[in-house]
Amino acid sequence: MIVDCAHYLGGARQSDAPLALEDAARYCLEGGFVWLGLFEPSGEEMERVRRAFSLHELAVEDARTFHLRPKVEDFEPDVKLVILRTARYDDESEEVDFGEISVFVGPNFVITVRQGVASELHAARTRLEQHPELVELGTDSVLWAILDQVVRGYEPVVAGLEHDIEQVEGTVFAGDVAPTERIYLLRREVSNFYRAAHPLHAVLTAVQRGIDAAALVPYIRDVHDSLQLISEEVSAQRDLLATILQANIAVISVEQTRVSVQQSATMERLTILATVFLPLTFITGFFGQNFDWLVGHITGLARFVEFGVAGLVIPLVLLWIWLRKTRPTHVGSSSPPRTDQPDAAGTRPLF
């Protein structure tokens, strides 16, 4: 779909209304340059554009392919194809939405093919039209405006990632457990964004070498400096998320250890209770049987105390004595062993 098509001459746009494709191809030969903007065009539309501006078929095919890295290709001596990755941060899903802009730059035309919702260029066109002195420099000024718009679009992405990383960092270093999946997904988004933004350095270097207008060099250098700052921040975010992930794993380990200690203490209490009630259950079960001998010999209070109460107390006393003998004697003792006793050879240490 053709979004906008304008003819620029003498540093100004010649008509507010978009031009037809055939008129644009004719105007670009009469002086100035034409900027044609397309958004997710169909194969038929791209074929019409290719014929109207005599583009290389491989360049058109490359523009319709979604790339993972920015690049610059020279398909013809005076026409180059610049592939750029755009980005937009979705705060709700904490994901980076990527788009792509393919820019055909010729001596008298610029064709932009946008893929994805994160590739809007209206602001770049408006900002360029507000600087007639840059428009007079030709098609390289359009390429600068697009590069500047793409890098400007990276800044909200960095800010959005930074905000979410600070939330996770505050949670982890406060001693609480953060969702490991969230940390991992944030690190994946940061890594993907870094792979999309960092290779743009090579593109900017190649573009700067190929610019004929010396007045545009400082503007390209300014974009390069902004991109360098963004790359450093994203690299720092990636390293910070790796540290946060390790810290969160440590916090999870501490929490699991605490739970294990609590479970061990609970099991110890239950084991003690079960050990205590085991002989009691056996005695009461034994005397609960209605044998004639038992029924006939328990005839009074004395017999009840002898067989009933003593039968419960004696196993408890024996159990207590056994537990005292099997308890470790040096657990928790902080005093060092005595060294003034003779060793196996009968000698005493000197110190």
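Residues numbered from 1 in each chain as written. Predicted model: local features only at pLDDT ≥ 70, side-chain atom pairs only at ≥ 80, totals over all residues. Heavy atoms only, no water.

- As recorded by an unreviewed UniProt entry, the protein carries the name Magnesium transporter and is attributed to Mycolicibacterium moriokaense.
- In its Sequence similarities (unreviewed entry) section, the UniProt record describing the protein reads: "Belongs to the CorA metal ion transporter (MIT) (TC 1.A.35) family."
- Under the UniProt heading Subcellular location (unreviewed entry), the entry covering the protein gives this text: "Cell membrane". (UniProt positions renumbered as here; feature names shortened; annotations may be inferred.)

1. Quick word on the packing of aromatic side chains
- Within the structure shown, the criterion is met by four aromatic pairs.
- Ring geometry for Trp144 against Tyr219: centres 5.3 Å apart, planes inclined by 70 degrees, an arrangement best described as edge-to-face. Of the two residues, Trp144 is situated in helix 6 (residues 139-173) and Tyr219 in helix 9 (residues 217-287); the sequence distance between them amounts to 75 residues.
- Look at Trp144 and you get buried, because its relative accessible area is 7%. (Phe/Tyr/Trp six-rings, centres within 6.5 Å; stacked < 30°, edge-to-face > 60°. Helix = DSSP H or I, 4+ residues; strand = E, 2+ residues; numbered from the N terminus. Buried < 20%, exposed > 50% of the residue type's maximum accessible area, 1.4 Å probe, protein only.)

2. Looking at the packing of helix 6 against helix 8 (residues 200-210)
- The contact between helix 6 and helix 8 brings their axes to 12 Å, and the two run at 160 degrees. Classified by the angle their axes make, helix 6 and helix 8 are roughly antiparallel. Between helix 6 and helix 8 the crossing geometry is left-handed. Of the residues in helix 8, those in contact with Leu143, Leu147, Val151 and Tyr154 of helix 6 are Leu200, Leu204 and Val207. (Axes fitted to C-alpha atoms, helices over the stretch in contact; angles between N-to-C directions. Parallel < 35°, antiparallel > 145°, perpendicular 65-115°, else oblique. Left-handed = near helix turned anticlockwise from the far one by under 90°. Contact = heavy atoms within 4.5 Å.)

3. A look at the sheet that holds strand 7 (residues 109-115)
- The mixed open sheet is built from seven strands, whose spatial order is 2-1-3-7-6-5-4. If you trace the sheet from one side to the other, it starts and ends with strand 2 (12-13) and strand 4 (71-76), each paired once.
- Two strands pair when backbone bridges link them, and strand 3 (residues 33-39) and strand 7 are joined in this way by six bridges, in the parallel orientation. Bridge pairing in strand 7 links Gly37 to Thr112. (Pairing = 2+ DSSP bridges.)

4. Considering helix 8
- All of the buried residues along helix 8 are Leu200, His201, Val203, Leu204 and Val207. What you see down the axis of helix 8 is that its buried residues fit within an arc of 160 degrees, all on one side. Along helix 8, exposed side chains directed more than 90 degrees from the buried face belong to Ala202 and Arg209. (Arc of directions from axis to C-beta.)

5. Let's talk about the side chain of Thr86
- Looking at where Thr86 falls in the secondary structure, it is placed in strand 5 (residues 79-90).
- A residue is classified by how much of its surface remains accessible, and Thr86, at 4% relative accessible area, is buried.
- Sequence-distant contacts of Thr86, defined by excluding residues within four places in its chain, comprise Asp97, Phe98, Gly99, Glu100, Ile101, Ala118, Ser119, Val150 and Tyr154.

6. What to know about the state of the cysteines
- With the rule as written, the count across this model stands at zero disulfides.
- Looking at Cys5, it has no disulfide partner, and the nearest cysteine sulfur is the one in Cys28, 9.2 Å off. (Disulfide = S-S within 2.5 Å.)

7. Overview of the pairing of strand 1 (residues 2-9)
- Bridging between strand 1 and strand 3 involves six bridges; their strand directions are antiparallel. Bridge pairing links Cys5 to Leu36 in strand 3.
- Here strand 1 pairs with strand 2 via two bridges, running antiparallel. Looking at strand 2, one finds that Tyr8 is bridged to Arg13.
- Connecting strand 1 to the next strand, strand 2, in antiparallel fashion are two residues, including Gly10 with a positive phi near 65 degrees.

8. Quick notes on the nonpolar core
- Counting 55 residues, the largest nonpolar core has Leu84, Val103, Ile146, Leu147, Tyr154, Phe193 and Leu200 as the members making the most contacts within it.
- The element contributing the most residues to this core is helix 6, with 15 residues.
- Among the nonpolar cores identified, the runner-up in size contains 23 residues, and Leu36, Val60, Ile83 and Phe104 belong to it. (Core = buried A, V, L, I, M, F, W, Y, C linked by side-chain atoms within 4.5 Å.)

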